[in-house]
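Understanding the architecture of this molecule
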Amino acid sequence: MPYSTIRFAAADHVATVTLDRPDVHNAMNNTMREELLDVFLRLSKDDDVRVILVTGAGERAFSAGADIREFVEPLVPTSFRESRKRIDFRQVMDRCPQPIIAAIRGYAFGGGLELALACDMRVASDDAQLGLTEINLAIIPGGGGTQRLPRLVGRGKALEMIMTGMRIPAAEALRIGLVERVVPLAEHPSAAQALARTIADKAPVALRYAKEAVVGGIGLPLEDGIRLENDLATLLRTTEDRIEGAKAFVEKRKPRWSGK
Ligand code: COA
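From N to C terminus, the chain includes 11 helices and 10 strands. Over its C-alpha atoms the chain spans a radius of gyration of 19 Å, differing by no more than 12% from the 18 Å that the globule rule assigns to 260 residues. Dimensions along the principal axes, computed over C-alpha positions, put the chain at roughly 65 × 40 × 40 Å. Expressed as a percentage of its 260 residues, the buried residues of the chain come to 42%. Within the chain, counting contacts between residues at least 6 apart in sequence, those at least 24 apart form 68% of the total.

Structural data, given as structure tokens:
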């Protein structure tokens, strides 16, 4: 499928998905949602890709959220019923076996922040501003924001953000655990790429099982989560890469992962 609102590139086991509507701060229209669904479905089946990086084109924004121009026409009930049949691309991201990193520069508002919340890690530049600003348009976040945000920052802070539509600067986002790293603008996006590289150099199956253990375990009672971890850790003992990792350590060399 040729894309018109996103760009896709892959090299050395790292795939980069770029939101590409810089004229409107990478606002997310229906075409972009369809293209994101397509690209994440494809990536989730691509064994050669070990890490996915998501970023925004241009210098001002990760994404300013849903394309508000599409809100101007009233929606008919049939379109709501149709939309219930569609898979949300953010759910596909949750099921993507690879870790996904958001490289956030500038604005990340509304659906843009929800996309970043559906990533596994977030690296922001120090000029970033983040917010779930939907309340200003008389709506609430509809892309998982009301569920994913409180799981990251807690109930009170999430409600404060959702009910005021406030914009949080990068340093504050770091303090409350909304992003994992903040880097000077000049080091962005290379810092996010370096994080992706560090992770992509690890054993591929171990990376996938680490994500499955953490993301799959979050919703489980502790006992069941521990069982999931135990199953995955046991399965990893059967891999060729586990032998390779131990051999490389003993032989004082870099491991060569086969992904088996
Ligand atoms: N949907 C559609 N177009 C958008 C947009 C959005 N979410 N966000 C920005 N744009 C467009 C603007 O309309 C403008 O287009 P124009 O040049 O044709 O007038 C262009 O992007 C540049 O935006 P502008 O507002 O001029 O830039 P700014 O730096 O002054 O302000 C924002 C940037 C992001 C603070 C501001 O555009 C904004 O508040 N956007 C809406 C954010 C939002 O509420 N998102 C949640 C939607 S549910």
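Following the structure, the description resumes.
Bringing the layout of surface pockets into the picture now. Taken as a whole, the largest pocket spans an internal volume of roughly 1600 Å³. When contributions to the lining of the largest pocket are tallied by element, the ones reaching two or more residues are α1 (30–44), α2 (77–85), α3 (89–95), β6 (107–109) and α4 (111–117). Among the residues forming the lining of the largest pocket, the class breakdown is 18 nonpolar, 13 polar and 15 charged. Within this model, the second largest pocket holds a volume of roughly 560 Å³. The wall of the second largest pocket is formed by 20 residues, among which Asp94, Cys119, Asp120, Val215 and Ile218 lie closest to the centre. Going through the elements one at a time, β7 (121–125), α5 (145–153) and α9 (204–218) are the ones with two or more residues in the lining of the second largest pocket. Here the lining of the second largest pocket gets 6 residues from one element, more than from any other, and that element is α9. Of the residues contributing to the lining of the second largest pocket, the split by class is 11 nonpolar, 2 polar and 7 charged.

Around the ligand there are 16 residues in total, and Arg60, Ala64, Ala66, Ile68 and Tyr107 lie nearest to it. In the environment of the ligand, an oxygen atom lies 2.4 Å from a nitrogen or oxygen atom belonging to the side chain of Arg60. Ala66 is positioned such that a nitrogen or oxygen atom in its backbone is 2.8 Å from a nitrogen atom of the ligand. Contact with the protein chains covers 63% of the free accessible surface of the ligand, which is 860 Å².

Right, let's talk about the sheet that holds strand β10 (residues 181–183) for a bit. Taken in spatial order, the 6 strands line up as β1-β2-β3-β5-β7-β10 in an open sheet, and their pairing is mixed. Either end of the sheet is taken by a strand with one partner, and the two such strands are β1 (6–11) and β10. Each strand axis lies, on average, 20° off the axis of its neighbour in the sheet, ignoring direction. In terms of strand pairing, strand β2 (residues 14–19) meets strand β3 (residues 51–56) through 6 bridges, oriented parallel. From the neighbouring strand, Val14 faces β3, where its bridge partner is Val51. Sheet contacts for α1: β1, β2, β3 and β5 (100–104); angle to β1, the most-contacted strand, approximately 20°. Its contacts with the sheet put helix α8 (residues 190–200) on β2, β3, β5, β7 and β10, and the angle it makes with β3 is roughly 170°.

Before going further, it helps to examine the pairing of β1. With 6 bridges connecting them, β1 and β2 associate as antiparallel partners. Looking at the pairing, Ala10 lines up with Ala15 of β2. Here β1 folds back onto β2 in antiparallel fashion, the turn holding 2 residues, of which Asp12 has a positive phi close to 50°.

On to unusual backbone geometry. In this structure, the amide linkage connecting His188 to the following residue, Pro189, adopts the cis form with an omega of 10°. Of note, Pro189 is situated in the loop between β10 and α8. Phi at His25 takes a positive value of approximately 50°, unusual for a residue other than glycine. Checked against the element boundaries, His25 lands in the loop between β2 and α1. Positive phi, close to 65°, is recorded for Ala138, a residue that is not glycine. Looking at the secondary structure, you find Ala138 in the loop between β8 (129–131) and α5.

The N-to-C vectors of α5 and helix α6 (residues 155–164) enclose an angle of 135°; their axes lie 7 Å apart at closest approach. Between α5 and α6, the interaxial angle falls into the category oblique. Here α5 runs over α6; the crossing is right-handed. Taking contact as the criterion, the partners of Gly145, Thr146, Leu149, Pro150 and Val153 in α5 are, on α6, Arg155, Lys157, Ala158, Met161 and Ile162. Of the residues belonging to the contact of α5 with α6, the class tally is 6 nonpolar, 2 polar and 2 charged.

Criteria and thresholds
- Residues numbered from 1 in each chain as written.
- Predicted model: local features only at pLDDT ≥ 70, side-chain atom pairs only at ≥ 80, totals over all residues.
- Heavy atoms only, no water.
- Helix = DSSP H or I, 4+ residues; strand = E, 2+ residues; numbered from the N terminus.
- Rg over C-alpha atoms; globule rule 2.2 N^0.38 Å.
- Buried < 20%, exposed > 50% of the residue type's maximum accessible area, 1.4 Å probe, protein only.
- Contact = heavy atoms within 4.5 Å.
- 1 Å grid on protein atoms, 1.4 Å probe; cavity = no way out; pocket = protein on both sides within 12 Å on 5 of 7 lines; lining within 4 Å.
- Points joined across faces, edges and corners; volume = space filled by probe spheres on them.
- Nonpolar A, V, L, I, M, F, W, Y, C, P; charged D, E, K, R; others polar.
- Near = heavy atom within 4 Å.
- Polar contact = N/O pair within 3.5 Å; in protein donor to acceptor, adjacent residues only side chain to side chain.
- Areas by Shrake-Rupley, 256 points an atom, 1.4 Å probe, with all protein chains shown as cover.
- Pairing = 2+ DSSP bridges.
- Axes fitted to C-alpha atoms, helices over the stretch in contact; angles between N-to-C directions.
- Parallel < 35°, antiparallel > 145°, perpendicular 65-115°, else oblique.
- Left-handed = near helix turned anticlockwise from the far one by under 90°.

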